[in-house]
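What follows is each chain in one-letter form.
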Amino acid sequence: MEGLEKAIEGINAKAEDIKANGLEVKSLKEKNVELEGQIKSTKDELVKVSGDLAKLKEVPTQKKQKSVLDVISEKKEGLEAISKKNRDSVVDFSVKATSTYGDIDAGLDFAPMRPGITDLVKKQTRFIDLFKKTPFNGEFYKYAEQETVVRNAQNVAVCSPVTSNTKETIITKNIITKKIKDVLKFCSDYANDYGFVEGRLRTLINDSVLFKADTDVLLGDGTGDNMSGIDSYASEFDATNTDAPVPSISSANYIDLILAMQAQIYTLGQENGYAPDTVILNYMDWFSLVLSSKDADANYLDYRNVNMGTAVINGMTVITSPDVAANTCYVFDKTKGEMIINQSYEVSMAYENSTDWESDLVAMKGSIRANLLVETPNQNAFMKCSDVATAIAAITAS
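Values in this document were obtained by computation on a predicted structure and should not be read as measured data.

Scoring rules and cut-offs
Residues numbered from 1 in each chain as written. Predicted model: local features only at pLDDT ≥ 70, side-chain atom pairs only at ≥ 80, totals over all residues. Heavy atoms only, no water. Helix = DSSP H or I, 4+ residues; strand = E, 2+ residues; numbered from the N terminus. Buried < 20%, exposed > 50% of the residue type's maximum accessible area, 1.4 Å probe, protein only. Contact = heavy atoms within 4.5 Å. Areas by Shrake-Rupley, 256 points an atom, 1.4 Å probe, with all protein chains shown as cover. Core = buried A, V, L, I, M, F, W, Y, C linked by side-chain atoms within 4.5 Å. Pairing = 2+ DSSP bridges. Axes fitted to C-alpha atoms, helices over the stretch in contact; angles between N-to-C directions. Salt bridge = Lys/Arg side-chain N within 4 Å of Asp/Glu carboxyl O. Lys, Arg positive; Asp, Glu negative; His and termini not counted. Polar contact = N/O pair within 3.5 Å; in protein donor to acceptor, adjacent residues only side chain to side chain.

S.K.: Could you give an account of the overall build of the chain, with specific residues and numbers?
M.R.: Helix and strand content of the chain: ten helices and 13 strands. Out of the 398 residues belonging to the chain, those deemed buried represent 32%. Contacts in the chain between residues far apart in sequence, at least 24 positions, make up 74% of those at least 6 positions apart. With an accessible surface of roughly 26100 Å², the chain has 51% of that area assigned to carbon and sulfur atoms.

Below you can see the structure in the form of structure tokens.
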């Protein structure tokens, strides 16, 4: 401002000196008028900017305040005009700021998030698909089986009569399926807001029902509402079974016990009816008694045949499961059992249960009706050992 005023004073002085030159005086006066107009315009612009800056101090602290840089940016065009009008007088604006972590309320909110959810580990369903499936409709599943049989063919002389007692008794039996179900409720708004929710809830209830069914196929005791399982049908291994006694074995081990159980089942099946093809055991028993077993010179002994990554013992597939208690095992012919099913696994949803509709709640239900059937003539095809250590000792030669 002072520079402009001095310029005007100089021009006025010069005008007095050269009054004789009318044309030059007239030009200088016109220049003077133009400069005075520019000074007034410049003062008006600066007053307006000063007013805007002053208003910043009056903004309540709870509202987001504009920075000086914001105001200057808004007045960019006006300031540029000022600069153009006064190229001899340059106004520099220097804005310096230091940003720190304190300028962000919660830096974690801006962190990148990996997609997906890491689930807790869960088991596989090992047993529910072992057996052939027989679908049917109705409450009861009936079947017939031979209860007794007498074959009494005799050697006789030519043209002599024979007295025969050959006969059989056939009886009918029935079995009912057992229901396994689970229900969970969720808010429909929650599912609508997050697209992944319904899929995860379906997986959750699927696992809940099918894991329970899988465990029952192995361990169900058949009482009350419980399914019948392998354990309820299997006979206990007995090395002294008079129908299939097991001879003593030198330095018997876990593999010897499994082979003895297989041999006993094969013998009880008249070396024709049963062909044991499955071994179920506890993985830590498998590790300690097979995978880590060594000879006297600390060389590893491995009794397995391995086919496509699956362990096989004398033609029997080895299956491990966390449902199998330590120090126990099962050997059986899986072709002698069947899963009867009058309702395959299904998921349904209801929206109008009690006050669910008005509360925007959805009930998701998963259920299955099934049972494991092993007919009486085939139950000797299933054998269990409830005490592996004792059984190994029982078949070991003294």
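S.K.: Report on the nonpolar core, specifying residues and quantitative values.
M.R.: In this structure, F131, I230, F237, Y254, L257 and I280 are the most contacted members of the largest nonpolar core, which totals 62 residues. A total of eight residues in this core trace back to one element, the largest contributor, which is helix α8 (residues 254-268). Here F237 is in contact with V246, L257, A260, M261, Q264, M383, K384, A391 and I395, once residues within four sequence places are set aside. Formed by eight residues, the second largest nonpolar core is a distinct cluster that contains F186, L201, I205 and M364.

S.K.: Describe in detail the environment of V197, supporting the description with residues and values.
M.R.: Mapped onto the elements of the fold, V197 is located in helix α6 (residues 197-219). A residue is classified by how much of its surface remains accessible, and V197, at 3% relative accessible area, is buried. Considered as a pair, V197 and F186 are eleven residues apart in the sequence and their alpha carbons are 9.4 Å apart. In this structure, V197 is in contact with Y190 and A191, ignoring residues within four places of it in sequence.

S.K.: Outline the sheet that holds strand β11 (residues 338-350), supporting the account with residue identities and numerical values.
M.R.: If you walk across this open sheet you meet the four strands as β1-β11-β12-β4, and the pairing is mixed. The open sheet has two free edges, formed respectively by β1 (132-135) and β4 (178-187), since each of these has just one partner strand. Adjacent strand axes in the sheet meet at a mean angle of 30°, parallel and antiparallel pairs treated alike.

S.K.: So what's going on with the pattern of salt bridges? Which residues, and what values?
M.R.: Applying the stated criterion across every chain yields a total of ten salt bridges. In this structure, D119 engages R200 in a salt bridge whose closest nitrogen and oxygen atoms are separated by 2.6 Å. Separated by 81 residues along the polypeptide, D119 in the loop between α4 (76-85) and β1 and R200 in helix α6 bring together distant segments of the chain. Residue D119 is classed as partly exposed on the basis of its relative accessible area, which comes to 45%.

S.K.: Can you tell me about the sheet that holds strand β8 (residues 310-313), naming the residues and giving the values?
M.R.: Remark on secondary structure: sheet strands pair via backbone hydrogen bonds, oriented parallel or antiparallel. With respect to topology, seven strands assemble into an open sheet ordered β5-β13-β10-β6-β9-β8-β7, the strand pairing being mixed. Strands at the two margins of the open sheet, each flanked by one partner only, are β5 (235-236) and β7 (305-307). Alignment of strand β10 (residues 329-332) against strand β13 (residues 382-385), held across four bridges, turns out to be antiparallel. Bridging across to β13, C329 finds its partner in C385.

S.K.: Describe the side chain of E338, and please don't skip the residues or the numbers.
M.R.: Mapped onto the fold, E338 is located in strand β11. Despite its burial, E338 pairs with no opposite charge; the closest candidate is K132, at 4.9 Å N-O. At 2.5 Å, the side chain of E338 forms a polar contact with the side chain of T134. Ignoring anything within four residues of it in the chain, the contact list for E338 reads F131, K132, T134, Y141, N371, L372, L373 and E375.

The quantities given are spatial measurements derived from coordinates; they are silent on function.
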